[in-house]
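Chain residues, written in single-letter form:
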Amino acid sequence: MSDKLPNSNTTEEVDLGQIFLYIEKVFKKIGQLFKELFLAFVWLLKKIVFLLLFAINVAKRNIIKIAIAAILVFVLFSALDKRSVPIYQSSILINQNYETGRLLYNHINRYNLIAKHNDSMGLSRELNIRPEIAAKITGFDVTSSMTRNRLYAEYHDFFKEVDSTIYVSFYEFEEEYPIELIETQLITVYSLSPYIFDDLAVSIVDVFRENEYFKEKQKDEITDYQNKIKTSLEIISESDSLMKKYINLMENYYGNSGDPQKSDNATVNLNLSSNKDKITTREYEIFGLQNAKKEEVLEFQKLIADKREIVELQSNFTQPVLIVNFYKKNKIKASVLAGLVVLLFFFFKELGFYSLINKYGNKENILEV
């Protein structure tokens, strides 16, 4: 037994030595990999610096040509800016008390097409405005007041209602969401003049006020709410009568307590000081019913007030704002871009890129096996 113990220790020492040897090799390979990556990064950085210096040198030699190209584009955009017609925009905020959303979006899209085609007579007939005002209008737009946070909340509620096996991404939900059905909508009008917005809001809203379908629907809904108010008031009146009967019953029953001094005064003794049994009544339930019906009446009256307008003008046209045109907004960017394009032209030219194109950019090289 004593002869076998040293052999076992020697085997363990050999195994541990091999393990440390493998670990050492792994770390060496990792170190070599990091070294190669670092050297590659240094090489790439050096090439980028040299390429940048080469580009600066090319720009230095061709600075006049680059500057001329930038100045020419700047002058061109400035001239186009002066020749462009100023456009003003203003917006109104409306509230839809009926499901007019699809009709609203269809109308605005049609008005926009008519304005884009410069059909002032057609737009004048559509909105019942003077042709000279219609001739100044260049476009229409309509957007909902739906905020991103509200849309996220709607998306969250949507997932609570649908089957868990159905998955709809937020972007799909946003794409399919019926924004035209949102009550509050923003209508924007673009015009050549800032002085045509005074009565335009009324003309846009009147198109819906005169719609026969919505006028009939308005009549039906208001009549329905009025009938509900009438029913609620009748219930309140009947409950008042019932309440009075309860009070009379209690006064007659509890008021006669046998005390000569109180026999003439028929008051309700809620403490039940006499020996008479308690009568079970429901005056508190009636009181609660009356309050509920009164709240319903107030709610129906508010709905009738809202339904008086098919489309309600919440905010008239704001102060017209001059839109900065494309040429004025982008002439600096266009000038810089023109200079960069000229710089790249000479950059590739000095690299011999165009010579490579002439040499290898032919169909023979493509078909060559």
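Residues numbered from 1 in each chain as written. Predicted model: local features only at pLDDT ≥ 70, side-chain atom pairs only at ≥ 80, totals over all residues. Heavy atoms only, no water.

1. Concerning the environment of S335
The condition that has to hold: Segments assigned H or I by DSSP are reported as helices when at least four residues long, segments assigned E as strands when at least two residues long, and all are numbered from the N terminus. Should any heavy atoms of two residues lie within 4.5 Å, those residues are considered in contact.
Here S335 shows up in helix α11 (residues 326-351). Counting along the chain gives 258 residues from S335 to F77, while the straight-line C-alpha distance between them is 8.8 Å. The contacts of S335, once residues within four sequence positions are left out, are A70, V73 and F74.

2. Concerning the packing of helix α2 (residues 63-83) against α11
The criterion, for reference: As a rule, the C-alpha atoms of each element are fitted with a line to give its axis, helices using only the stretch in contact, and angles between N-to-C directions run from 0 to 180 degrees. Between 65 and 115 degrees an angle is taken as roughly perpendicular, under 35 as roughly parallel, over 145 as roughly antiparallel, and anywhere else as oblique. With the far helix as reference, a near helix turned anticlockwise by less than a right angle produces a left-handed crossing, and one turned clockwise produces a right-handed crossing. Under the convention adopted here, Pro, Cys and the residues Ala, Val, Leu, Ile, Met, Phe, Trp and Tyr are nonpolar, Asp, Glu, Lys and Arg are charged, and Gly plus all remaining residues are polar.
Put simply, α2 and α11 touch, their axes get as near as 8 Å, and they point 160° apart. With respect to their mutual orientation, α2 and α11 come out roughly antiparallel. The hand of the α2/α11 crossing is right-handed. Of the residues in the contact of α2 with α11, the class split is 15 nonpolar, four polar and four charged.

3. Here's the deal with the nonpolar core
Rules: The definition of a nonpolar core used throughout is a set of buried Ala, Val, Leu, Ile, Met, Phe, Trp, Tyr and Cys residues joined through side-chain atoms within 4.5 Å. A 1.4 Å probe rolled over the protein chains alone gives each residue an accessible area, and that area as a share of the maximum for its type sets the label: buried under 20%, exposed over 50%, partly exposed in between.
L123, I137, F140, L200 and I204 are the most contacted members of the largest nonpolar core, which has 30 residues in total. Secondary structure elements with two or more residues in this core: β1 (87-96), α3 (101-116), α4 (120-127), α5 (131-134), β2 (137-144), β3 (184-191) and α8 (200-209). Counting residues per element, this core draws most heavily on α3, at six residues. Contacts of L200, omitting those with residues within four sequence positions, involve L127, I129, I137, V189 and F317. In this structure, Y155, V168, F173 and I182 belong to the second largest nonpolar core, which totals eight residues.

4. Some remarks on unusual backbone geometry
Even without glycine at this site, N118 takes up a positive phi of about 55°. Along the polypeptide, N118 turns up in the loop between α3 and α4. Of note, N128 is a non-glycine position whose phi angle comes to about 55°, a positive value. Among the structural elements, N128 can be located in the loop between α4 and α5. Judged by its relative accessible area of 69%, N128 falls in the exposed class.

5. Focus: α11
Convention followed: Here the expected length of a helix is defined as 1.5 Å per residue gap, with one fewer gap than residues. One axis fitted to the seven residues ending at a residue, another fitted to the seven starting there: the angle between these axes is the bend at that residue.
A rise of 1.5 Å per residue sets the reference length of α11, with its 26 residues, at 38 Å; its end C-alpha atoms lie 36 Å apart and thus fit the reference within 8%. At I332, α11 is deflected by roughly 40°, the largest bend along its length. Every buried residue of α11 is listed here: N330, K331, A334, S335, A338, G339, V342, L343, F346 and F347. Trailing α11 by a residue or two, G352 shows a phi angle of about 80°, which is positive.

6. A short note on the packing of aromatic side chains
The condition that has to hold: Put simply, two rings from Phe, Tyr or Trp (the six-membered ring, in Trp's case) pair if the centres are within 6.5 Å, and we call them stacked under 30 degrees between planes, edge-to-face over 60, tilted for the rest.
Per the counting criterion, the structure on display carries ten aromatic pairs. Geometrically, the ring pair formed by F197 and F317 is tilted, given 5.2 Å between the ring centres and 50° between the ring planes. One end of the pair, F197, is in the loop between β3 and α8; the other, F317, is in the loop between β4 (311-315) and β5 (321-323), and 120 residues separate them in sequence. In terms of burial, F197 and F317 fall into one category: buried.

7. Digging into the confidence of the model for the protein
Going by this rule: Scored between 0 and 100, pLDDT is the confidence that the predictor attaches to each residue.
Mean pLDDT over the protein: 81, with 84% of residues reaching 70 or higher. Below a pLDDT of 50 lies the segment residues 260-274, which in the model reaches 17 contacts outside its immediate sequence neighbourhood of four places, other chains included.

8. Details of the environment of F170
Checked against the element boundaries, F170 lands in helix α7 (residues 170-176). Overall, F170 belongs to the buried group, its relative accessible area being 9%. Sequence-wise, F170 and L151 are 19 residues apart; in three dimensions their C-alpha atoms are separated by 9.1 Å. Discounting residues that sit within four places of it in the chain, F170 has contacts with R148, L151, Y152 and Y155.

9. Description of the environment of N97
Note the threshold: By the criterion applied in these results, polar contacts are pairs of N or O atoms within 3.5 Å in which, for protein atoms, one can donate a hydrogen and the other can accept it, and in which residues neighboring in sequence qualify only through two side-chain atoms.
Mapped onto the elements, N97 comes out in the loop between β1 and α3. Between the alpha carbons of N97 and K307 there is a distance of 6.1 Å; along the sequence they are 210 residues apart. Filtering out sequence-adjacent residues up to four positions away, N97 remains in contact with D306, K307, E309, I310 and E312. For N97, the side chain forms a polar contact with the side chain of N95, separated by 3.0 Å. A distance of 2.8 Å separates a polar atom in the side chain of N97 from the backbone oxygen of D306.

10. Observations regarding the pairing of β3
Convention followed: Note on pairing: two strands pair once DSSP finds at least 2 bridges between them.
The buried count for β3 comes to six of eight residues, which makes it a mostly enclosed element. Pairing analysis gives eight bridges linking β1 to β3, with the strands arranged antiparallel. Bridging from a neighbouring strand, Q89 pairs with Y190 of β3. As judged from the seven bridges shared by β2 and β3, these two strands associate in the antiparallel manner. By the bridge assignment for β3, V142 is matched with I187.

11. Quick word on a nonpolar patch on the surface
Defined as follows: Nonpolar side chains (Val, Leu, Ile, Met, Phe, Trp, Tyr) within 5 Å and like charges within 9 Å form the patches, drawn only from residues with over 30% relative accessible area and no salt bridge. Under the convention used here, a 1.4 Å probe and the Shrake-Rupley method define accessible areas, while residue burial counts only the protein chains that appear. Put simply, a salt bridge is a Lys or Arg side-chain nitrogen that is within 4 Å of an Asp or Glu carboxyl oxygen.
Where nonpolar side chains cluster on the molecular surface, the patch consists of L16, I19, F20, I23, V26, F27, I30, L33, F34 and L37 and spans about 1,000 Å² of accessible area. Assignment of secondary structure puts F27 in helix α1 (residues 4-61).

12. Description of the pattern of salt bridges
Scanning the entire structure with this criterion turns up nine salt bridges. Residue R110 pairs with E126 through a salt bridge whose shortest N-O separation is 2.9 Å. Taken together, the residues span a long stretch of sequence, with R110 in helix α3 and E126 in helix α4 at a distance of 16 residues. Classification of R110 as partly exposed rests on a relative accessible area of 31%. The salt bridge involving D224 is made with K228; its shortest N-O contact spans 3.5 Å. Of this pair, D224 and K228 both sit in helix α9 (residues 212-255), separated by four residues, roughly a single helical turn.

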